Amino acid sequence: MADHRAAAAPKPDLPRFPRIDVSRRKFLGFVVAAPTLVVAAEMSTGALGIAPTAAADPLVSAPQTPEIYDLLDALRDAARPTANLIRIQVNSDSTVSFELPRSDNGQDIIGYAQIVIAEEMGLDPDQVTVTLADARPELLFNQITGGSSTVFTTFTPIRVAAAIANGRLLDAAARQLEQEVNLLTTRRGVITDTLGAAIPIGDLAEDASADVTEQVEVLLKPREEFTVIGKARNKPDQLAMVTGAKKFVTDLDIPDALPTMVCRAPTLNGTVESVDNIDQVRRMPGITDVEVVGTGIAVRARTFGHCIDAIQELRARWGAGTVEGENDESVLAGVKAAELPLVVPAGVVGDSIESAHTFYFRSGASLETNSAIADVRDGRAEIWGPAKNPIAAQGEIAKILGLPVGAVTFHVTQGGGSFGRKLFFDGALEAAEISQKMGKPVKLMWHRADDSRVGRVHPLCTSRIRAVISGDKVVGFEQRHTSVSSEINPGLGEPITAAAIKVPLGNLAFSASVFELTQVTPYNFGVNTRLLNEVDMRFNTQSTRNIYSPDVAIARELMVDQIAEQLGKDPYEMRREFLKNDRMRGVLDKVAEEGDWGRSMPAGTAQGIGFHTEYKGVSACLVEIDCRPETVDRPIREGVTGPRVTKVTFAIDPGLVINPRGVEAQMMGGINDAIANVLTSSLHLTDGYFVEASWDNYFYTRQWNTPIEMNIHIVDSGFPEPGGIGEAGVASTGAAVANAYRRATGSTPDYFPINHKDPFPYEPKPTVPPVPQSPVNGLQFTF
């Protein structure tokens, strides 16, 4: 059983970030004309970079773009013009309602919004009802969920709106109770005066409302008075999740929306040329419709089992896919041909160290497969599905259906995992096309094989580094990252930028911007550069969790260990000396102390350390790995074992923490992602298709490979705003695992995951039919 311990209290001597007291600033907001109290915010906070506080000895590096203005700043600025359209409503039953214009796929941003509103309004979080907003085109760039940005971009607007609502309710109560406002208190939705008279806020909602929209100013609650923010709280839906009661899109009961699946080509993005037996399949029991669509042959039936039976029987001729005949090595050759040169000549200034690493394709599939419900009839379309870009989805669906945008309604449902996958709405597009073709509602579900073989992937990429050392200093550090084109995102979440990335070089420009706004070399390594190039090779790609950072960080941190060896320094001490500020050193020191860095370990085992900074946060990780033969070769039925990470010590300073338990949960997931990236998980491209066809042969971190002990520490340096945590556990952990493996084996991997070239431990599933028959022997392996 893993030991998950979290320590939130900093040491007394921990360096403190200069605190900016946002609570003492006045913020603008609106009381919206409505019969009950409705309020909105206007966002006015600016970028807050992480100021370097360099040690005296290293050759100080110039500030890099994300240290001044990063992706979170860009996304918040994009949301500013429509922040006042996000509104909170007080109801007559003393509850508060809020439609969150984001997508919750398990990261619990619904719970976050409940906590923030409850804090400013003196409520319990359970008194706040948060739902996900339908696509709202008027929000422009303010309905995108990505880049770990939700908390950072919405924290202040939600607080401002809640504070305005609380102020209006207190004013209304003061009038009715004939008391001074400063003598009133709010608790659990009841406002009480010093004499004990009390009024529920629901009874005040109408009195506190406004006949005309008016602008108001408000002060936010000081951080030292928080009673809800910063307290550990479980996900409100966790019981429903583990008991199967939680509803996802395929659980919705939409009238006449029958199960639907698609028979797909045996190669990536192949097309239908003809179907030999379509009429015969239409007559099969349970089948209602079979139609050829752009992505394959759609089957609608009474059950998903009937759909699978029909797909098993379909006989089609397929046109070539977009990567016909390609394999891992041919794609790698194309990527290497696009690598940008390293500028500083080796050996001219000082000693040079070079490295080159390959990162193979990884699956972007989430636990919930691509699913959507569509009802396209009578000149209108109604869509249900988990979407992190619902405005862009609405616009694209309208385009393919030939309808005005106003005729398309997109209902955003909670999703079962995402980490980049649900930034793309392939399932919703496909469901809309199928429904229009059949003239009936459909409940579309992708099979696991669809997600693995024709879904979106993290692109194959390479990362090259040259470090130049002179004496005891690093005077130059160049990193060149080259990738199969990464479709980061459909623009900024609305149709204009979604269209812009489709023009020639548009996606590369967008990707390069994201790379520049996220990637930092956190060390004082003299003159350093980080450049990206991408090559379009016609794959379906996505911004899988943490986009570029896991691979960039692994290559960078492996090089830092090699530099330490060259300089005769301990890897921890080397990092501590060259890191740019005390906040960074705070988390590094934490893992070194808590993880007992440098302790004696048996041969074949080792510790490794890694560091990363991104999204206003800093993190460090120390792992212990066992690479001894008895561990590497332990038998698992149709599975892989290999080296095992036995212990993880992780420290993160994410800025202001809303819910410590949520931070811990996100780090646990990120840690297991990182272990998979380094040790076990990849897709194998063969003759134009990916071999892996399900989770049972895509070897994500399993129970037998997850760390036996995992300790997560939250460090507080006083950073005044909440940073992004959704991806924060991946990069530093992956780097630590790679370094531990290198120290345990004495070998530096040049490709990841380290088992990618090992023989397959399973019989690959067939590509025709594309959906394998469901297993019937599961009980034999249940324990």
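Just so it is clear, the model here is predicted, and its values are computed rather than measured.

J.: If you had to explain the packing of helix α3 (residues 109-121) against helix α4 (residues 150-177) to someone new, which residues and values would you point to?
T.: Taken N-terminus to C-terminus, the directions of α3 and α4 make an angle of 35 degrees; their axes are 8 Å apart at the nearest point. As α3 packs across α4, the resulting crossing turns out to be right-handed. Across from I109, Y112, A113, V116, I117, E120 and M121 in α3, the residues of α4 making contact are T150, V151, T154, F155, I158, R159, A162, A163, A165, N166 and L169. When the residues that make up the contact of α3 with α4 are grouped by side-chain class, the tally is 13 nonpolar, 3 polar and 2 charged.

J.: Would you mind going over the sheet that holds strand β9 (residues 198-200) in detail, with residue names and values included?
T.: Taken together, 3 strands build an open sheet; the order of strands is β7-β8-β9 and the sheet is antiparallel. If you trace the sheet from one side to the other, it starts and ends with β7 (185-187) and β9, each paired once. Within the sheet, the average angular offset between the axes of one strand and its neighbour, ignoring direction, is 25 degrees. Alignment of strand β8 (residues 190-192) against β9, held across 3 bridges, turns out to be antiparallel. Note on β9: the bridge partner recorded for I191 is I199. Packed onto the sheet, α4 meets β7, β8 and β9 and runs at close to 50 degrees relative to β8.

J.: Tell me about the sheet that holds strand β2 (residues 26-32), and please be specific about residues and values.
T.: Pairing is mixed in the open sheet, where 6 strands are placed in the order β6-β5-β4-β3-β2-β10. Since the sheet does not close on itself, it has two edges, and those belong to β6 (128-132) and β10 (214-219), each with one partner. Between one strand axis and the next, the sheet turns through 30 degrees on average, direction left out of account. Across 4 bridges, the pairing between β2 and strand β3 (residues 38-41) is antiparallel. Note that in β3 the partner of F30 across the bridge is A40. Against the sheet, α3 touches β4 (87-90), β5 (96-100) and β6, its axis set at about 145 degrees to β6.

J.: Give me the nonpolar core: which residues, what numbers.
T.: Counting 103 residues, the largest nonpolar core has F361 and F539 as the members making the most contacts within it. In terms of residues, this core owes the most to one element, α4, which gives 15 residues. The residues contacting F539, other than those within four sequence positions of it, are L268, V323, V331, F361, V484, L685 and F690. Core analysis: the second largest hydrophobic core is formed by 32 residues, C461, A606, V623 and V648 among them.

J.: Give a detailed account of a nonpolar patch on the surface, specifying residues and quantitative values.
T.: A cluster of nonpolar side chains, namely L239, M241 and V242, defines an oily patch on the protein surface of about 330 Å² accessible area. Structurally, V242 can be placed in helix α6 (residues 238-243). The exposure class of V242 is exposed, given its relative accessible area of 69%.

J.: Just give me the short version of unusual backbone geometry, but keep the residues and values in it.
T.: Across the junction of F752 and P753, the peptide omega takes the value 0 degrees, indicating a cis bond. Checked against the element boundaries, P753 lands in the segment after β32 (751-752). The omega angle of the peptide bond from V768 to P769 is -5 degrees, so this bond is cis rather than trans. Turning to its location among the elements, P769 is positioned in the segment after β32. For K616, which is not a glycine, the phi torsion comes out positive at approximately 70 degrees. What makes K616 buried here is its relative accessible area of 3%.

Calculation rules
- Residues numbered from 1 in each chain as written.
- Predicted model: local features only at pLDDT ≥ 70, side-chain atom pairs only at ≥ 80, totals over all residues.
- Heavy atoms only, no water.
- Axes fitted to C-alpha atoms, helices over the stretch in contact; angles between N-to-C directions.
- Helix = DSSP H or I, 4+ residues; strand = E, 2+ residues; numbered from the N terminus.
- Left-handed = near helix turned anticlockwise from the far one by under 90°.
- Contact = heavy atoms within 4.5 Å.
- Nonpolar A, V, L, I, M, F, W, Y, C, P; charged D, E, K, R; others polar.
- Pairing = 2+ DSSP bridges.
- Core = buried A, V, L, I, M, F, W, Y, C linked by side-chain atoms within 4.5 Å.
- Buried < 20%, exposed > 50% of the residue type's maximum accessible area, 1.4 Å probe, protein only.
- Patch = residues over 30% accessible without salt bridge, like charges linked within 9 Å, V, L, I, M, F, W, Y side chains within 5 Å.
- Areas by Shrake-Rupley, 256 points an atom, 1.4 Å probe, with all protein chains shown as cover.
- Salt bridge = Lys/Arg side-chain N within 4 Å of Asp/Glu carboxyl O.

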